[in-house]
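# Residue-level structural notes
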Amino acid sequence: MSTELNTDTDLSVSEQQVGELLWDFCKKITKTLYEPFFKELIKKDIFLDVHEHIRFEREIVLLDLWCISRAMISNDEILEYMHQKFLRVCGPYFGEYAEDKVVWVVAKNELTERYAEYYSYWG
């Protein structure tokens, strides 16, 4: 098996596509972290109400987005596409604001606040 690249058949990927793929990756990471933790809570007879579930999953998503931003990507355009994808579909993570038309604003503000907090801990 050859490891050489054939430039005649290589596909190119746009920054937008990479950003959207990173958002998909973030969702998978979130699910991978959330489900086992949730099962452990149930084993310990700790039950979360609907809003607590939403807030907990949201915290994991925000942390995962920050980790991807911090550790993997130096291209601001890719990060912008990843964050825009999150903001376009963030409704389920902000269920307590579902009736409001401000979900996007709340999501963007919380994302910005969390990133500032995480960076302050990073040093």
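First, a word on scope: everything that follows refers to the structure included in this document.

Reading the values: rules and limits
- Residues numbered from 1 in each chain as written.
- Predicted model: local features only at pLDDT ≥ 70, side-chain atom pairs only at ≥ 80, totals over all residues.
- Heavy atoms only, no water.
- Axes fitted to C-alpha atoms, helices over the stretch in contact; angles between N-to-C directions.
- Helix = DSSP H or I, 4+ residues; strand = E, 2+ residues; numbered from the N terminus.
- Parallel < 35°, antiparallel > 145°, perpendicular 65-115°, else oblique.
- Contact = heavy atoms within 4.5 Å.
- Nonpolar A, V, L, I, M, F, W, Y, C, P; charged D, E, K, R; others polar.
- Expected span 1.5 Å × (residues − 1).
- Buried < 20%, exposed > 50% of the residue type's maximum accessible area, 1.4 Å probe, protein only.
- Polar contact = N/O pair within 3.5 Å; in protein donor to acceptor, adjacent residues only side chain to side chain.
- Salt bridge = Lys/Arg side-chain N within 4 Å of Asp/Glu carboxyl O.
- Patch = residues over 30% accessible without salt bridge, like charges linked within 9 Å, V, L, I, M, F, W, Y side chains within 5 Å.
- Areas by Shrake-Rupley, 256 points an atom, 1.4 Å probe, with all protein chains shown as cover.
- Lys, Arg positive; Asp, Glu negative; His and termini not counted.
- Charge placed at Lys NZ, Arg CZ, Asp CG, Glu CD.

## Let's talk about the packing of helix H2 (residues 50-71) against helix H3 (residues 76-88)
At a closest axis distance of 11 Å, the pairing of H2 and H3 adopts a crossing angle of 170°. In terms of their interaxial angle, H2 and H3 are classed as roughly antiparallel. From H2, Val 61, Leu 62, Leu 65, Ile 68 and Ser 69 reach across to H3, where they touch Leu 79, Met 82, His 83 and Phe 86. Residues belonging to the contact of H2 with H3 are distributed by class as follows: 7 nonpolar, 2 polar and no charged.

## A few points about H3
Given a rise of 1.5 Å per residue, 13 residues ought to cover 18 Å, and the 18 Å separating the end C-alpha atoms of H3 matches this to within 8%. For H3, every residue scored as buried is listed here: Ile 78, Leu 79, Met 82, His 83, Phe 86 and Leu 87. Each element contacted by the buried residues of H3 is listed here: helix H1 (15-43), H2 and helix H4 (103-122). Two or three places before Glu 77, at the opening of H3, Asn 75 has a side-chain oxygen 2.9 Å from that residue's backbone nitrogen.

## Re H2
With 22 residues, H2 should cover 32 Å at 1.5 Å per step; its first-to-last C-alpha distance of 32 Å lies within 8% of that length. When we look at burial in H2, the residues that qualify are His 53, Ile 54, Arg 58, Ile 60, Val 61, Leu 62, Asp 64, Leu 65, Trp 66, Ile 68 and Ser 69. Looking at the packing, one finds that the buried side of H2 touches H1, H3 and H4. Near the N-terminus of H2, the side chain that reaches the backbone nitrogen of His 51, with its oxygen 2.9 Å away, is that of Asp 49.

## Here we look at the pattern of salt bridges
This model, assessed by the stated rule, comprises 7 salt bridges. Between Arg 88 and Glu 20 there is a salt bridge, with the nearest N and O atoms lying 3.3 Å from each other. Here the residue Arg 88 occupies a position in helix H3, and Glu 20 occupies one in helix H1, the gap between them amounting to 68 residues. Arg 88 sits in the exposed class, given a relative accessible area of 52%.

## Let's talk about the side chain of Thr 30
Structurally, Thr 30 can be placed in helix H1. Dropping the residues within four chain positions of it, Thr 30 is found in contact with Glu 57, Ile 60, Val 61 and Asp 64.

## Remarks on the side chain of Glu 110
Among the structural elements, Glu 110 can be located in helix H4. What Glu 110 contacts, discounting residues up to four positions off in sequence, is Arg 58, Glu 59, Leu 62 and Phe 94.

## Looking at the environment of Arg 55
Relative to the helices and strands, Arg 55 resides in helix H2. Along the backbone, Arg 55 and Gly 95 are 40 residues apart, and their C-alpha atoms lie at a distance of 8.4 Å.

## Details of a negative patch on the surface
Residues Glu 15, Asp 76, Glu 77 and Glu 80 make up a contiguous surface patch of negative charge. Ranked by residue count, the leading element in the negative patch is H3, at 3 residues.

## Quick look at the environment of Val 103
The topology assignment puts Val 103 in helix H4. Judged by its relative accessible area of 12%, Val 103 is buried.

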